[in-house]
Amino acid sequence: MSNIEELFIQGRNLLKNFPKPDIEARLLILKSTSLSETQFYASPERQVSKKEEKSFYRLLSRRLKGFPVAYLTGKKEFWSLDFIVCPGVLIPRPETELVVEKAISSSSKGEEIVVDVGTGCGNIAIALAKELPASLVFATDIFRKAIKIAKKNASINKISRINFLHGNLLKPLQGLTLEGRCDIIVSNPPYVTEEEWRILPEEIRHHEPKKALVAGKSGLEIIYKLIEGVSKFLKPGGFVIFEIGLSQKDRVLSIFNNDWSSVECFDDLSGIPRVVSAQKGL
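Bear in mind that the values here come from a model prediction, so they are computed numbers and not experimental data. (Residues numbered from 1 in each chain as written. Predicted model: local features only at pLDDT ≥ 70, side-chain atom pairs only at ≥ 80, totals over all residues. Heavy atoms only, no water.)

(A) Just helix 8 (residues 144-156), in detail. An ideal rise of 1.5 Å per residue puts 18 Å on 13 residues; helix 8 measures up with 19 Å between its terminal C-alpha atoms. Regarding helix 8, the residues found buried are Ala146, Ile147, Ile149, Ala150, Asn153 and Ala154. Within helix 8, the buried residues cover an arc of 165° as seen down the axis, which keeps them to one side. In helix 8, the exposed positions that point more than 90 degrees away from the buried face belong to Arg144, Lys148 and Ser155. Tucked inside the fold, the buried residues of helix 8 contact strand 2 (81-84), helix 7 (123-131), strand 4 (136-141) and strand 5 (162-166). Phi turns positive, to about 60°, at Lys158, one or two residues after helix 8. (Helix = DSSP H or I, 4+ residues; strand = E, 2+ residues; numbered from the N terminus. Expected span 1.5 Å × (residues − 1). Buried < 20%, exposed > 50% of the residue type's maximum accessible area, 1.4 Å probe, protein only. Arc of directions from axis to C-beta. Contact = heavy atoms within 4.5 Å.)

(B) Representation of the packing of aromatic side chains in the model. Under the definition given, this model contains seven aromatic pairs. Measuring from centroid to centroid gives 5.0 Å for Phe40 and Tyr41, while their planes differ by 85°, and the two rings are edge-to-face. On the basis of relative accessibility, which here comes to 8%, the residue Phe40 falls in the buried class. Between the aromatic rings of Phe256 and Trp260, the centroid separation amounts to 5.3 Å while the plane-to-plane angle is 85°, which identifies the pairing as edge-to-face. Classification of Phe256 as buried rests on a relative accessible area of 10%. A residue is classified by how much of its surface remains accessible, and Trp260, at 9% relative accessible area, is buried. (Phe/Tyr/Trp six-rings, centres within 6.5 Å; stacked < 30°, edge-to-face > 60°.)

(C) Examining the layout of surface pockets more closely. In this structure, the largest pocket encloses a volume near 1,100 Å³. If you go around the largest pocket, you meet 32 residues; those closest to its centre are Lys20, Ile23, Leu27, Val69 and Lys76. Every element with two or more residues in the lining of the largest pocket is listed here: helix 2 (21-33), helix 5 (69-73), strand 1 (75-78) and helix 10 (202-205). By residue number, the principal contributor to the lining of the largest pocket is helix 2, which donates six residues. For the lining of the largest pocket, the per-class residue count stands at 15 nonpolar, two polar and 15 charged. (1 Å grid on protein atoms, 1.4 Å probe; cavity = no way out; pocket = protein on both sides within 12 Å on 5 of 7 lines; lining within 4 Å. Points joined across faces, edges and corners; volume = space filled by probe spheres on them. Nonpolar A, V, L, I, M, F, W, Y, C, P; charged D, E, K, R; others polar.)

(D) Spatial organisation of the sheet that holds strand 6 (residues 182-187). Here seven strands make up an open sheet; going across it, the order is 5-4-3-6-9-11-10 and the pairing mixed. Sheet topology places strand 5 and strand 10 (260-267) at the edges, where each strand pairs with a single neighbour. On average, each strand axis in the sheet is tilted by 15° relative to the strand beside it, whichever way the strands run. Packed onto the sheet, helix 6 (residues 97-106) meets strand 6, strand 9 (234-243), strand 10 and strand 11 (273-280) and runs at close to 160° relative to strand 9. (Pairing = 2+ DSSP bridges. Axes fitted to C-alpha atoms, helices over the stretch in contact; angles between N-to-C directions.)

(E) Just the pattern of salt bridges, in detail. Applying the stated criterion across every chain, the model contains 10 salt bridges. In this structure, Glu37 and Arg26 form a salt bridge, with 3.2 Å as the shortest nitrogen-oxygen distance. Taken together, the residues Glu37 in helix 3 (residues 37-42) and Arg26 in helix 2 connect sequence positions 11 residues apart. Take Glu37: its relative accessible area is 42%, and that puts it in the partly exposed class. The residue Glu52 makes a salt bridge to Arg46 at a minimum N-O spacing of 3.2 Å. Of the residues examined, Glu52 reaches a relative accessible area of 13% and is grouped as buried. Judged by relative accessible area, Arg46 falls into the partly exposed class, the value being 28%. If you follow the salt bridges from partner to partner, you end up with Glu24, Arg63 and Glu203 in one network. (Salt bridge = Lys/Arg side-chain N within 4 Å of Asp/Glu carboxyl O.)

Spelled out as structure tokens, the structure:
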């Protein structure tokens, strides 16, 4: 039998062609052994059972075939919170944290209405509910599976004041008397073009939900609908904040008309224009 350190070294070596072999090997060991990170680092000499070792190599084999590590472990960290993820639900990306950051900076920190459009696993909505405890949060998604997972994640993170609504974009808000009352509307909408989809890594194309990523031929189809729809629900001075794709900045900014008092685009940590924030005119 191997110990934790030996298993880690073997896993890291086999994953050497992946971007983060150390992290991935550790995550697969934690999943296979049910150890905490603290236990992992404190007990490198701990012997693993045959069952644990078999589980590790089974996960490792699937990872080497391109299966996303987040789906293998069943969770992904976002905004220092843990989220359940599974096939059929988009895996949260670190750059999306910029949406949360800009929403927080745009908030009055008071009793506000915040809406997350296309919530996925609920990562943006739950992060904002944590950071803006006085807010009332609504989260929509067209996929019932995503809503189910998002509700579980809210429970895990001890958030009870998010209203999860099934439906496309802003349609679930109709009939809730939210017109002209929303302070902040956020979204990580599909923005990948059909052409871009064909050249994305196989890990994404073969495993993550295409409809959560691809908007259409131009990549802006959903963003157009989002910008068109939010005006009805935002109060004067309210903000819409959403993620965009590579090389979309100028085209997205050109969509906004004189009804908006300010429109800005912010770069992510890689220097890529990533998040647009627009304030509705007073």
